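Observations on chain architecture
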Amino acid sequence: MIPPGTAPEDDVHILPDGDDEGYHKGLGKRQIQMIAIGGAIGTGLFLGAGSRLQIAGPSLAIVYLVCGFFSFLILRALGELVMYRPTCGSFVSYTREFLGEKASFVAGWLSFLNWAMTGIVDITAVALYMHFWGTFEHVPQWVFALGALGIVTSMNMIGVKWFGEMEFWFSLIKVVALSLFLIVGAAVLGLRMPVGGHGTGLHLISENGGLFPHGLIPALILMQGVVFAYSGIELIGTAAGECEDVRTFLPRSINSVIWRIGLFYVGSVILLVCLLPWTAYHAGTSPFVTFFQALGIPGIDTVMNIVVLTAALSSLNSGLYSTGRVLRAMSLGGTAPRFLSYMNGNSVPAAGIGLTVAIYLVGVVLNYVVPSQVFEIVLNFASVGIISTWGFILLSQIRLRQAINRGEIAPTGFPMPGAPLTAWLSLGFLGCVLFLMLCDYPAGTSTIAAIPVIGVILVLGWCMLRRK
């Protein structure tokens, strides 16, 4: 019998690509668990939920549930791939193995585009959050952007253990903050305490336009924005390559994501609309701050600003970690310049991280030149990278399952539930998200219109790489 996660000696799928050569297994169980949680919780919930409640009302809970369900399926697809062969190259290595070099080239560089653009957004967010405190009001935005980048880069260059420790505490802060809200909110709702002059309960939904106060269309359009709140869940696949005993506790960490999504995203929104009318929440203000301020708790805005600041730093930290490993895997596979395979004395892919930092420095310059327009310039391009990353994960899992069914690869012991039907449904869902982006004029429409341009750049890059 073939051991799980291996293949026969004559199997064409074995690729000695050396993606994990030189890495240290420096991530432990608690760090992997928190990386799994942290990847699913970000500023999209802490800050973005305010504007989304303003647009969709209570139906936001349904939108979060639908997007969260498909995000979980994508994570399960990645989990099956990881259990087959844990690697720091993650989806780039799997794409190379099951879909070919060209697909790996596209997957890797679009992922880099995603994290590069997301990182610029993150350092901009850090600078904006620092201006919350009046003491720093007159400090230029670019100074905070550069400072945040310097801190996170230093921690990533020291070693994977420091990245894991930093991400552990960032994620813990987010989890504690959400847990505190859920406990306090549930207690207030259970005791029927009035909040902000309003009674609490489900009647706040029916009395303010029902579940879909603006109709079904705004909720559908919002789905293409909400799905990106879950971006970063794929980070656990990259981290698995540097995990001490990934096959033992990765399945448990991935399976726990679904109830965390249900509790933190769906549960939080349901509580929010039962504690205050959904019309009380507004863009630019965290809905959690709105609730605690309505309770009359002083200083809560400061606490929540620290939390969203932590979420932005966490995303920046994850982006540097991911791109460094992805670029090195591409370099070793021949789909990126050779110098990107360089690792420093701490077993860190320093060249890949350095290239990402160079892109982030462009973000620092943008914060200096056009501080008020940085978000709009880069945010939409990140969405293309996220969709493509998830799409390549699903396509690779489909090919893996086909090889398993043919007897070429042994079962992994952690199959994606309902595959291949669920994999194809998830791909269909991503296609629907792209269509909804196209309908979201002007931001989403311009993003879809830019895809052919990105495609031309990728073709030119592939031709140049092949010539060399």
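Residues numbered from 1 in each chain as written. Predicted model: local features only at pLDDT ≥ 70, side-chain atom pairs only at ≥ 80, totals over all residues. Heavy atoms only, no water.

A word on the overall build of the chain
For the record, the criterion: Numbering of helices and strands runs from the N terminus; a helix is a DSSP stretch of H or I covering at least four residues, while a strand is a stretch of E covering at least two. Partly exposed describes any residue whose relative accessible area lies between the buried limit of under 20% and the exposed limit of over 50%, with all areas from a 1.4 Å probe on protein chains only and scaled to the type maximum. Whether two residues are in contact is decided by their heavy atoms, any of which lying within 4.5 Å being enough. Accessibility throughout is a Shrake-Rupley quantity obtained with a 1.4 Å probe, and a residue counts as covered only by protein chains that appear here.
The secondary structure content of the chain amounts to 18 helices and zero strands. Across the 468 residues that make up the chain, the buried fraction comes to 58%. Contacts in the chain between residues far apart in sequence, at least 24 positions, make up 81% of those at least 6 positions apart. A total accessible area of about 18500 Å² is found for the chain, and carbon and sulfur atoms account for 69% of it.

Quick look at the packing of helix α5 (residues 90-99) against helix α6 (residues 101-130)
To keep it simple, the criterion reads: Interaxial angles span 0 to 180 degrees and are taken between N-to-C directions of axes, which are lines fitted to C-alpha atoms, for helices over the stretch in contact. An angle below 35 degrees is treated as roughly parallel, one above 145 as roughly antiparallel, one from 65 to 115 as roughly perpendicular, and anything else as oblique. By convention, the crossing between two helices is left-handed when the near helix turns anticlockwise from the far helix through less than a right angle, and right-handed when the turn is clockwise. Under the scheme applied here, ten amino acids are nonpolar (Ala, Val, Leu, Ile, Met, Phe, Trp, Tyr, Cys and Pro), four are charged (Asp, Glu, Lys and Arg), and all others, including Gly, are polar.
The contact between α5 and α6 brings their axes to 7 Å, and the two run at 160°. Compared by their axis directions, α5 and α6 come out roughly antiparallel. Crossing handedness for the pair α5 and α6: right-handed. Of α6, the residues touching α5 (which contributes Phe-91, Val-92, Thr-95, Arg-96 and Leu-99) are Glu-101, Ala-103, Ser-104, Ala-107, Gly-108 and Ser-111. Residue classes in the contact of α5 with α6 are distributed as five nonpolar, four polar and two charged.

Remarks on the pattern of salt bridges
For the record, the criterion: The salt bridge criterion pairs a side-chain nitrogen of Lys or Arg with a carboxyl oxygen of Asp or Glu, the two atoms within 4 Å.
What the rule picks out here adds up to four salt bridges. Close ionic contact of Arg-401 with Glu-80 constitutes a salt bridge, the shortest N to O distance being 3.1 Å. Residue Arg-401 is found in helix α16 (residues 374-405), and its partner Glu-80 is found in helix α4 (residues 60-84); the two are separated by 321 residues along the sequence. Both residues of the pair, Arg-401 and Glu-80, belong to the buried class. Here Arg-85 makes a salt bridge to Glu-97, at a shortest N to O gap of 2.8 Å. With a gap of 12 residues between them, Arg-85 in the loop between α4 and α5 and Glu-97 in helix α5 connect regions that are remote in the sequence.

A word on the packing of aromatic side chains
Describing an aromatic ring pair means giving the distance of the ring centres and the angle of the ring planes. Note the threshold: A pair of Phe, Tyr and Trp rings is counted when the ring centres sit within 6.5 Å of each other, with Trp represented by its six-membered ring. The angle between the planes then sorts it: under 30 degrees is stacked, over 60 is edge-to-face, the rest tilted. Cation placement over rings: the criterion is NZ of Lys or CZ of Arg within 6 Å of the ring centroid and within 35° of the ring normal.
The final tally for this structure, using the stated rule, is 14 aromatic pairs. Pairing Phe-105 with Trp-462 gives two aromatic rings, centres 5.4 Å apart and planes at 70°, and the pair type is edge-to-face. Taken together, the residues span a long stretch of sequence, with Phe-105 in helix α6 and Trp-462 in helix α18 (residues 443-467) at a distance of 357 residues. One exposure class covers both Phe-105 and Trp-462, and it is buried. Three or more aromatic residues joined by ring pairs make a cluster, and in this case those are Phe-181, Phe-288, Phe-291 and Phe-292. Directly above the aromatic system of Phe-414 lies the positively charged group of Arg-76, at a separation of 4.0 Å from the ring centroid.

Some thoughts on the environment of Cys-432
Inspection of the secondary structure puts Cys-432 in helix α17 (residues 421-439). Separated by 208 residues in the primary sequence, Cys-432 and Gln-224 have C-alpha atoms spaced 8.4 Å apart.

Notes on the side chain of Thr-153
Considering the arrangement of structural elements, one finds Thr-153 in helix α7 (residues 141-158). For Thr-153, a relative accessible area of 15% gives the class buried. Ignoring anything within four residues of it in the chain, the contact list for Thr-153 reads Leu-320 and Val-357.

Section: unusual backbone geometry
Glycine aside, the phi torsion of most residues is negative, and most peptide linkages are trans. Cis geometry is found at the peptide bond from Ala-419 to Pro-420, where omega equals 5°. Of note, Pro-420 is situated in the loop between α16 and α17. The phi dihedral of Arg-192 falls on the positive side, at around 60°, and the residue is not glycine. For Arg-192, a relative accessible area of 56% puts it in the exposed group.

Side note on the confidence of the model for the chain
Going by this rule: Confidence per residue, as judged by the predictor, is encoded in pLDDT with a range of 0 to 100.
Across the chain, the average pLDDT comes to 82, with 88% of residues at or above 70. Of all the helices and strands in the chain, helix α1 (residues 29-40) carries the lowest mean pLDDT, 66, while α17 carries the highest, 92. Overall, residues 1-17 carries pLDDT values under 50, and its contacts beyond four positions in sequence, including any with other chains, amount to 36 contacts.

Quick notes on helix α14 (residues 300-332)
Residues lying three or four places apart along an α-helix face the same way, a consequence of the helix completing one turn every 3.6 residues. So the rule is basically this: By this rule, a helix spans an expected 1.5 Å times one less than how many residues it contains.
Taking 1.5 Å of rise per residue, 33 residues should cover 48 Å, and α14 covers 48 Å from first to last C-alpha, within 8% of that figure. Of all the 33 residues making up α14, 27 are buried; the element is thus mostly covered by neighbouring parts of the structure. Directly beyond the C-terminal end of α14, a positive phi value near 85° is found at Gly-334.

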